[in-house]
Every structure is written in C-alpha cells, then in structure tokens.
Amino acid sequence: MSFIEVSNLKKVYTSRIGTKGTEALQQVDFSVEKGEFISIMGESGSGKTTLLNLLSTLDTPTEGAIYLEGKSLSDIKDKHVSKFRREQLGFVFQDFNLLDNFNLKDNILLPLVLAKTPVKEMEASVLPLAKSLGIDALLDKYPYEVSGGQKQRVAVARALITKPKLILADEPTGALDSRSSQNLLEIFKDINRLGQTIIMVTHSARASSYSNRVLFIRDGKVYHELYRGEQTEEAFMEKITQSILVSSGRGE
Amino acid sequence: MGKLFSTKLAWRNIQSNKQVYLPYTLAATITVSMFQMMISLILNDFVQDRSSTLVQLFSMGAIVVGLFSLIFIFYTNSFLMKRRKKELGLYNILGLEKKHIRKVLLLENLMIGAISIALGIFLGNILGQLSFLFLNYLLQLPVVMTYSVSWLGAGVTAAVFMGIFLLTLIYNTAQVTFSNPITLLKGGKEGEKEPKSSPILFILGLISLISGYTISMTIDNPVQAILQFFLAVLLVIIGTYLIFTAGSIIVLKLLKKNKAFYYQPGPFISVSGMLYRMKQHAVGLANITILAVMVIIAISTTVTLFVGTEETLENRFPAENTNSLMTNYGLSGSEVEASIQEITEHIDELTVDFGLEVESMDSFRFVNLIGKFENDAFNTVSPEEREFIPDMVLLVPLDDYNRMERTSINLEDNEVLVYEAGIEVNSDRLGLGDNLFLVNELEDRPSVVGAEADLSDTLVVITPSAEAIDEITAAYNTEEDPYVMYWQGGMYWETTATEGDVMSYGKMMQAAIGDHGEEVGVFYESRSGNREEWYSLNGGFLFLGLFLGGLFTVGAALITYFKQVSEGFDDRERIQIMQKVGLDKETTKRATRSQIVWMFTLPIVTAALHTAFAYSILQKMLVLFSINNPQLLITVTIAVVASFAFIYWIIYRITSKVYLKIVE
Ligand SMILES: Nc1ncnc2c1ncn2[C@@H]1O[C@H](COP(=O)(O)OP(=O)(O)OP(=O)(O)O)[C@@H](O)[C@H]1O
Ligand SMILES: [Mg+2]
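Just so it is clear, the structure is predicted and the values come from calculations on it, not from any experiment.

Participant: Pulling in residues and values, what's your account of the site of ligand 1?
Facilitator: Residue and element names in this part refer to chain A. In the region of ligand 1, 14 residues are neighbours, and Ser-44, Gly-45, Lys-48, Thr-49 and Thr-50 sit closest. Contact distances for ligand 1 include 2.8 Å between an oxygen atom and a backbone N or O atom of Gly-45. Between an oxygen atom of ligand 1 and a side-chain N or O atom of His-203, the distance comes to 3.3 Å. Taking 630 Å² as the accessible area of ligand 1 by itself, protein coverage stands at 63%.

Below is the structure:
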C-alpha cells in the first residue's frame, strides 16, 4: 500500500452559472511512497496549486479520489479534517498566508497552539528552526515589516514546526535568492532523510534536483516523470533540464 | 480634468463601491433621522409648554445625541476609508494627481452627505409621526401627543450634519494628502499594527469618570445645577471612551504577556484578534454603552414616574379633599384657628346639602420661614441674596401636631420638637426670632410635612403654642425687612362619597368654597380632580421616555449590526487562513463566542454601573414630581436594565449569526 494514492483525479472550477468552467485537472494518477521527496513541475496555470489543494483537503475533487495510507481523504469527517491539517500536514502556501495581527513567532507557532502544545515545548522548538532558516532575528516583527523572502521562510517554518508526516510546498523557493534557496532545500533534504514525505511544486530545475522524483504536469495531466535513482544532483538536474526543453517542443 | 468628469467619476465610484457605500449611507441616514426626531422632541408642545427645565434637559439630550452622531459617523467613515484607500492609492500611482483625488473625494462626500441629510430628515419625520401614532395607541393617554414637524428642526439637523460631514471630509482629505501612494495602497493593512498602550490616556479616563461620578453623587439639586449635571454627563462619557480604548489595550496586552493563557487556541485567536482592531472595537463598545445608559435612564425614570402617579397623588393630597389656606399678615394663630372652625362648619353644611357626610376632618396651621439657617439659628435674607432654593423652617403649633398625629405630647414654654429634613441642629439650642429653644428630636416624619420638604433643606419645628409662633414671626417681620411671614393652613377631609359622585362633589366644593372673607384665602383641590391631570402629565413623560428609549435602542442595534458586519469582513480572511492551517469550526465558534461574551457583557455591566452612580440624581429629580420612593425606582431600574440586556442579547444573537455567516 502506497502512502498516497491518487487515482483518476479531476477538478473543474465552475465560477458563475452558465460559463463553461475551467478544467484545472483532467486526469491525474500517481502514487507516493512513504519518505519520498517529489517535485512537481509544469507551466504556470497547469494545475499544480490545484493538485496541492486537493492533496491537502483544502479543496475537493470533482471526480476521482485521493487515498492517504489507504484511506480516502473524502471519507475524513469534517471534525477530523482540521485535526489532519494540523497534525499530519505542513503546507507552504504560494502566497504565504501569514496573519498580519501576529508577529512572526506567533505565526510560526499557530499550528502548535491550535494543537494545544504546552508553552515550554513550543518555545523550545521555534528558535532552532528559525535559526536554521535564518529568520531568528526577526521573530518579534510583524509580516508587513519584513521582505517577501523573509515571509516565505516564515511560511516554511510554520509548515515544518509540527514535524508533519507530509509536507506540501508550493514554490517554497520562489521569493528566495540562490543561497537561501539552497539552504532551504538542504533543510528539506534533511527532514526527508528523517522520514517526512515532501511534495514540492517548483519552476527551478536546480530545486527539483534535490528530490528523488520529478512529476511533469501539463494541461491538467501528469505527462512525464523522472526518477533520480543513483545519479548525482548535477546529472539529475541536467536530465530535468533536458526534459523541460524537449517537452516545450523547442530545442532552445 | 473637467468638473463633469470628476462628478461622473465620483458617482461611478460610489456605485462601484456599493458594498461599502450602501451601509455607510444607510447608517448616516438613520443617524440623521434619529437626531431629527430628538430635535423635534425639543420643539414638541408638551415639552415647550411644561417648563424651561424640560427644554434644557432635552437640549442636553440632543447635544449628547449630536456628539454621538459625530463619533458614529466618524467610526463608520473609518471603515469606509480603509477600503477606499487602496483604490485611491492605485489612482494616484496610475497618474491621477492628488488634487484630483481630493476633488473626487469632495464630490463623493457631498453626494453622500446630501443624500443622507435629505433622506434622514424625511425619514425622521415619518418615523417620528408613526411612532407617535403607535405610542398614542399603546398608552391610551387622556391627552393625545402630537409630533412636531418644523422647518426649524430640519434646519438645525441639516446644519449639524453638514458640520459633521465637513469634518469627515477634512479628515479623509488629510489622510489622502499626507500619505504616500504605497501606504495608501497598503490601505487596509495600515493601522492594523498592534496599538500602543497608553497608560496616560487610561488614567485621564479614570480621572474623568471618577470626577463625573463624584459630581453626580454630590449634586444637591439637579435642576439648580443643570450645568453641573451636564458636566457630569460629559465627564462620564469621555471617561467611558478613554477607559474603553486605552484600558482594553492594556488588559489585552497583559493577557498576551501571560504565555500560559495566551498560547491556547481560544485566547490566541480572540486576544490577538481583538487587539488588532481594538481602537475601533472600543469606540463601538463605548457607543453602545452610552446608548444603553440613555435607554435605561429614559425609560426607568419615566416608568417610575408613571407607576408612582398614585403615590404622587397620595403625597400631594393626603385626603380626597384638601383646602389650602393663606392668611393676611397680622392675623394671629388663634384667629386663624377660628376661621378654620368656621370653614369646617361651612364644609359640613355643604356636604350635607349634597347628600353626603364628612367622615373625617383634619386641619393644622403652620408658618413657613424662608431664609438661611446658620449656626443653629434661622435668619431671613433679602430676596436678592436668597439662593435658588433657600432653607425652610416649618413652624407648627403643638396642639395641631397632636391633633394630626393623634398624640398628646406636652412641651415646656422654652421647648420645641424638631424633625430634621435636610437641616441639622448641632447643639441642643435652636435660635428662632428673639428666643432660644431647647431641642427635642423627633424620630418619625410628621405627617404635616409634605413631599416638598425633600426638595429644599427643611427643619420642622413643633412649638409649644400658636402664640409662640406669633411671637417668632413678629420678630422677623420688622420694618427694615419687609419680607412677611404669615399663617397658612391645611384642611384634609374624607366624605362618604362613592366613586360615582366624588367628582361632582369636588366640582361643587370647588365652586362653593372659593370665597371666605377677605382675611383668609381658601384653595380647594380634590385628589380625583387632579388624578387625570397628573396621569396625563406623567403619561406624557412616559411617552417621551419610551420614545427616546426606542430611539436609542434602535441606535444600539444599528451600531451592533454595523460593527459585526464590518468586523466580519475584517476577520474573514484571518479566520480562513487559520482554518487552512488546521483551525476547526468548533474552536472558531468558541473563540468568536468568547469575543461575543465580552462584547455583550462589557457594555451592559458598564451601563449598569453608570446608572447606579446616576441614581442619586435620578432620585432627586423624581422628588420634583413628589415621588420619594427609592424602592420603586430601584425595582423599575433593575427591571429596565434586565429587559434592555435581554433585548440587546437578542440583537447580539442575530448580528452574531450574521458575523459567523460572513466569516465562514
Ligand atoms: N478558484 C479558481 N476558480 C476558477 N479557476 C481557477 C481557480 N483556481 C485556479 N483556477 C484555474 O485553474 C487552472 C490551474 O490553476 P493553478 O493555480 O493550479 O495553476 P498553477 O499550476 O499553480 O500555476 P502557477 O505556476 O502560476 O502557480 C488555471 O487555469 C487557473 O486559472
Ligand atoms: Mg500555483
């Protein structure tokens, strides 16, 4: 039994009555083993965020199902959905979703507070994490007082703080310079080594070369996948770049 | 950019921002109509014809409502601006000069202002008339109350609100002028920084509140000290606003510092959420509190007045039939007694002729000394020197006292009985005229003392004889001091009249008793004859009280609704983000409920506290109407507080549902 099993997934956005609706995901099938580090790549608008939203129960599929450890996500009762998000899942949002009325520290602590963690434990866990992400000096500031990249690292810290089984990250390096990106990816690699499963959306071949497997998505379908196997990061990156060039149909 | 273009742009802006402009215009319109109704009350015949005090009291009410309108419109405007700033900032960045933005703002404000003033005055007059119709129907008073519609009232309302809208315009323009496009663009986010706590404002608020309370507790006579009373009201209002705004932030920050408390799901969400927009939050709460106090006071005093009408009648007219006697100066006590005997016989004859009998007849004589009481002695004062309500010494002969009280007390020639109603005798000697008397204190209030004694400081003195009183008055009535003291008298009798003929008996007596020689003036009143008049007077007050109470309740409902809706939109995004991170609906409900409990209890408890401190003033005001029944006032007030709390609770339940619906 796979950790995550996605079968026949379809998502159609219908906004107004009468309009035909956007088919964001047409037909998606794949599975994820426990402890994998997967990258999802694809053009803008290809349905990556949609897929993550479905995986994280923030949205429900139009057709098809997602199984987590054999259990369908749609079967999780309303009450347990929040608990699932809180305890099993860490989500790094593309647009960060930080709360302006909390300082950065409280933003990071939010899931722990919701899980009723004792204060001492919370305080102990926030500093090392913030340090490793390079935001330890900013903890007392508010989101509107820091830069985009700093906000993104806070969003990552909030996703990691509960040590969730599954991490879903939507372009977690999108606002970061190359050094911070590398640093973040090293952290992902470390926690992945400790057994946490990661699914990361990215546009960067370098970022995806840190993962074990890359899924390519286009027009709402997974059309290609690459395994890293025993390759070095450089070689894997080379291969990913090749695939992107081939798939875009031009040999530039 | 032409004028036409600006006008068009302004109009289009209003239309495309319907979501924010509609509630704003609605709120402004209702505020205008509330003020309009308040102004109409001042101009109402009932109020105008009664007394200048009543006009002053209502004008004071109008000033409070005006201040309140200013605060409320500013408050709603700030929500509006928060949403508009982003758009205006974008215009600015896209190349519209600030000059033009100001012009657009001016036009928008002009349009909204004109619409709300015109609609509000119209609506106010309609609603005023409708509610008068309804209350007339409900109360079925002997006299129908009419709502006054006048150009003067409309003019005052229009002028006041033009001023208010002008102030908001200046504020909005300043906001646009003095901020750069980026801060404008961030719009909503700005001002959402955590507010600073300011202990100084808090202390100022406390001082203001305590001084207000102190003044209201120490005012002797609210009519005399109407300015002082108004000052107390203002101080309490200012205190409430300052304490709510500064105090709530201090409390919330303290709560936040307490980590074990703060880092729990409920408090984490609600404390941070409240802190986040506490300034507006607190202003809203203070608004509701002030309105609640006004509702409670308006209704509880007038209900007490109405319910206590019988008591008023009992106090004013101890028996069904009353004669008040006035005599010329120079008549001695024994001559007055002789007159009373003659009149008594006359009454007996008249009653028998009418086919009834006199069942009981009480009478007593007295002299009322008006002047100043100092160092255990009474002295007259010339009218110019006299205070608004002077000291009074009521002299009653022992015989008359014994007759009225059914007692048989004896006094030595140099002894008096004394009852203290506001004036205290500190030693055991009392100086009256040229004499010093030995003082014996009475514990119980003699029945000869009317309710008026509660109004001014009074000392009741029972003298050994009527001759002693003749002597005392002679000493005061000297050549240099032309202020004369004369004998007065009261006669109280019951007859065998049934309910059916009590009115016609009264009419007969009124016509027949009118004249009694030159020396003694007789003024007859029957309790039944006065009943109708008192009920229509007190009914009129009840009418006004209910009207005002209803008006302010609507105001409170409006604010609560506006507050919930605007905060719902503010909180929506926050709550949704938290739900994405794993906040469940249960905790959301619980956290918002704890906010709601605060929101509910804080205004009600504060309003009850304010009312408690206003109690002494209310009590004294009611004495003016011969109601001296603390029990009744307290019972009614508690009942009114409870009913208002209930109504507010319903308002709260409904608006909270709206809030939760918006948030989820
Ligand atoms: N709430 C929505 N309602 C309607 N259509 C939507 C909604 N969200 C996304 N879409 C549409 O669905 C498609 C997929 O969107 P999605 O956000 O998944 O793209 P993405 O791969 O994450 O793109 P990007 O790399 O730009 O973030 C797009 O065509 C988008 O316009
Ligand atoms: Mg996306």
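Moving on from the model shown.
Participant: Any details on the interface of chain A and chain B? Residues and values, ideally.
Facilitator: Listed by partner, the interface residues are 26 residues for chain A and 27 residues for chain B. Across the interface of chain A and chain B, roughly 2,500 Å² is buried in total on both sides, 63% from carbon and sulfur atoms. The largest contributions to the chain A side of the interface with chain B come from Asn101(A), Leu114(A) and Tyr144(A), which together make up 23% of the buried area. The interface formed by chain A and chain B includes 2 salt bridges. Residue Lys259(B) pairs with Glu123(A) through a salt bridge whose shortest N-O separation is 3.4 Å. The set of elements that each furnish at least two residues to the side of chain A that touches chain B consists of α2 (78–87), α3 (104–114) and α4 (119–133) of chain A. With 7 residues, α3(A) is the single largest residue contributor to the side of chain A that touches chain B. Tallied by class, the residues present in the side of chain A that touches chain B amount to 14 nonpolar, 3 polar and 9 charged.

Participant: Can you break down the pairing of strand β5 (residues 415–421) of chain B residue by residue, with the values?
Facilitator: Residue and element names in this part refer to chain B. Within β5, 6 of the 7 residues are buried, which leaves the element mostly enclosed by the surrounding structure. In this sheet, strand β7 (residues 435–441) lies alongside β5 in parallel orientation, the contact comprising 4 bridges. Residue Glu-415 lies in a different strand from β7, and its bridge partner there is Leu-438. Pairing analysis gives 5 bridges linking β5 to strand β8 (residues 458–463), with the strands arranged antiparallel. For Glu-420, the partnering residue across the bridge sits in β8 and is Leu-459.

Participant: Let's hear about α2(A): which residues, and what values?
Facilitator: The complete set of buried residues in α2(A) reads Val81(A), Ser82(A), Phe84(A), Arg85(A) and Arg86(A). The elements touched by buried residues of α2(A) are β4 (63–68), β6 (89–92) and α3 of chain A together with α18 (527–580) of chain B.

Participant: Requested: an account of the coordination of the magnesium ion (ligand 2), with residues and values cited.
Facilitator: Distances from the magnesium ion (ligand 2) to its protein donors, Thr49(A) (OG1) and Gln94(A) (OE1), fall within 1.9 to 2.3 Å. You can see Thr49(A) sitting in helix α1 (residues 48–55) and its partner Gln94(A) sitting in the loop between β6 and α3, a full 45 residues away along the chain.

Participant: Describe the domain arrangement of chain B, naming the residues involved and giving the relevant values.
Facilitator: For chain B, the assigned domains are domain 1 (1–190) and domain 2 (321–496). With centres defined by C-alpha atoms, the gap from domain 1 of chain B to domain 2 of chain B works out at 59 Å.

Participant: Would you mind going over the environment of Thr635(B) in detail, with residue names and values included?
Facilitator: Residue and element names in this part refer to chain B. Relative to the elements of secondary structure, Thr-635 occurs in helix α20 (residues 630–663). Thr-635 gets classed as partly exposed once you look at its relative accessible area, which sits at 46%. Separated by 147 residues in sequence, Thr-635 and Gln-488 place their C-alpha atoms 37 Å apart.

Participant: Give me the lowdown on the packing of aromatic side chains, citing residues and values where you can.
Facilitator: Tallying each qualifying case throughout the model produces 28 aromatic pairs over all chains. Here Phe132(B) and Phe543(B) contribute two aromatic rings whose centre-to-centre distance is 4.5 Å and whose plane-to-plane angle is 75 degrees, an arrangement assigned as edge-to-face. On the criterion of sequence distance, the pair formed by Phe132(B) in helix α5 (residues 98–139) and Phe543(B) in helix α18 is long-range, its members being 411 residues apart. Of the two residues, Phe132(B) and Phe543(B), neither departs from the other in class, the shared state being buried. Through pairs of rings, three or more aromatic residues link up here, namely Phe102(A), Tyr262(B), Tyr263(B) and Phe268(B). The ring of Tyr223(A) carries the charged tip of Arg218(A) above its face, separated from the ring centre by 4.4 Å. The ring of Trp487(B) has Arg365(B) lying over it, and the distance from NZ or CZ to the ring centre is 5.7 Å.

The rules behind each value
- For every chain, the first residue of the written sequence is number 1, and numbering continues from 1 along that sequence.
- As a convention, the first chain written is A and the first ligand written is 1, with the rest following in written order.
- Since the coordinates come from a predicted model, pLDDT governs what is reported: local features require at least 70, and pairs of side-chain atoms require 80 or more to be given and counted, while whole-chain, interface and lining totals use all residues.
- Calculation of side-chain values draws on the structure's entire complement of heavy atoms; hydrogens and water are dropped beforehand.
- Being near a molecule or strand, for a residue, means having at least one of its heavy atoms within 4 Å of it.
- Distance and chemistry together define a polar contact, namely a pair of N or O atoms within 3.5 Å, with one atom able to donate a hydrogen and the other to accept it when in protein, and with adjacent residues in sequence counting only for side-chain atoms on both sides.
- Throughout, the Shrake-Rupley method with a 1.4 Å probe supplies accessible areas, and for residues the shown protein chains are the sole cover considered.
- Contact between two residues is taken to exist if any of their heavy atoms lie within 4.5 Å; hydrogens are not considered.
- Defined in terms of a 1.4 Å probe, buried area is the accessible area two parts forfeit on being brought together, summed over both.
- A pair is scored as a salt bridge if a Lys or Arg side-chain nitrogen falls within 4 Å of a carboxyl oxygen belonging to Asp or Glu.
- Each helix corresponds to a stretch of at least 4 residues labelled H or I by DSSP, and each strand to a stretch of at least 2 residues labelled E; elements are numbered beginning at the N terminus.
- Polar here means any residue outside two lists: the nonpolar Ala, Val, Leu, Ile, Met, Phe, Trp, Tyr, Cys and Pro, and the charged Asp, Glu, Lys and Arg; Gly therefore counts as polar.
- The buried label goes to any residue with under 20% of its type's maximum accessible area, the exposed label to any with over 50%, and the partly exposed label to all in between, with areas taken from a 1.4 Å probe on protein chains only.
- We treat two strands as partners when DSSP finds at least two bridges between them.
- A donor here means any N, O or S atom no more than 2.8 Å from the metal (3.2 Å for Na, K and Ca); water is not included, so a site may seem to lack partners.
- Boundary definitions for the domains trace back to an automatic or database domain assignment.
- Pairing of aromatic rings covers Phe, Tyr and the six-membered ring of Trp, with a centre-to-centre limit of 6.5 Å; geometry is then stacked below 30 degrees between planes, edge-to-face above 60, and tilted otherwise.
- Our definition puts a charge over a ring when NZ of Lys or CZ of Arg is within 6 Å of the ring centre and also within 35 degrees of the ring normal.

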